[in-house]
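Observations on chain architecture
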Amino acid sequence: MSKTEIDQLTAEFFGAFDNRGGRGADVAAIRRLMLPQGVIVSTAPTFTVYSVEEFIEPRERLLNDGRLVGFSEWETSERTEIAGDIASRIGEYRKSGTLDGQPYEGGGTKTFQFVRTPEGWRIAAFSWYDGA
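Now for a look at the structure at hand. (Residues numbered from 1 in each chain as written. Predicted model: local features only at pLDDT ≥ 70, side-chain atom pairs only at ≥ 80, totals over all residues. Heavy atoms only, no water.)

1. Some details on the nonpolar core
One finds Phe13, Phe17, Ile30, Phe55, Phe114, Ile123 and Phe126 to be the most contacted residues of the largest nonpolar core, which totals 28 residues. Contributions of two or more residues to this core are made by helix H1 (2-15), helix H2 (30-33), strand E1 (34-42), helix H3 (52-64), strand E3 (68-83), strand E4 (86-99), strand E5 (102-117) and strand E6 (120-130). What Phe55 contacts, discounting residues up to four positions off in sequence, is Phe17, Ile40, Tyr50, Phe126 and Trp128. (Core = buried A, V, L, I, M, F, W, Y, C linked by side-chain atoms within 4.5 Å. Buried < 20%, exposed > 50% of the residue type's maximum accessible area, 1.4 Å probe, protein only. Helix = DSSP H or I, 4+ residues; strand = E, 2+ residues; numbered from the N terminus. Contact = heavy atoms within 4.5 Å.)

2. A short note on the pattern of salt bridges
Taken as a whole, this structure holds 14 salt bridges when the rule is applied. The residue Asp18 makes a salt bridge to Arg20 at a minimum N-O spacing of 2.5 Å. Residue Arg20 is classed as partly exposed on the basis of its relative accessible area, which comes to 43%. For Arg23, the salt bridge is made with Asp18, and the minimal N-O distance between the two is 3.0 Å. For Asp18, a relative accessible area of 7% translates into the label buried. Counted as one network, the salt bridges with shared partners bring together Lys3, Asp7, Glu75, Glu78 and Arg89. (Salt bridge = Lys/Arg side-chain N within 4 Å of Asp/Glu carboxyl O.)

3. Regarding a nonpolar patch on the surface
A cluster of nonpolar side chains, namely Val39, Phe47 and Val49, defines an oily patch on the protein surface of about 290 Å² accessible area. Of note, Val49 is situated in strand E2 (residues 48-50). (Patch = residues over 30% accessible without salt bridge, like charges linked within 9 Å, V, L, I, M, F, W, Y side chains within 5 Å. Areas by Shrake-Rupley, 256 points an atom, 1.4 Å probe, with all protein chains shown as cover.)

Spelled out as structure tokens, the structure:
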């Protein structure tokens, strides 16, 4: 059951950024999916460490102000390791949409650290590298 729950949590994470069909992205869902003290790291183009709130705010604005539309991102492959109440997942992903009127596509690698809490599995940390 844990792998199924982690798969669902990961799908909800990627779905939080989806604004296809004119709907608003639900980036605020990240607050529910992560531990409040979670750590988020981007390695490129600039190495940046975010708190949950620092990560959400600019993405919420970008995905809901009309600059980035028709956007989604999705996992294309993954490997998940579970040991009791902790889990690690590394996966490749793709993304696409229209940014400032121009086609926007790319992809990269994301890694997640999960913990099982009394409320269920949550993301403790994630990092990403946009490769293309």
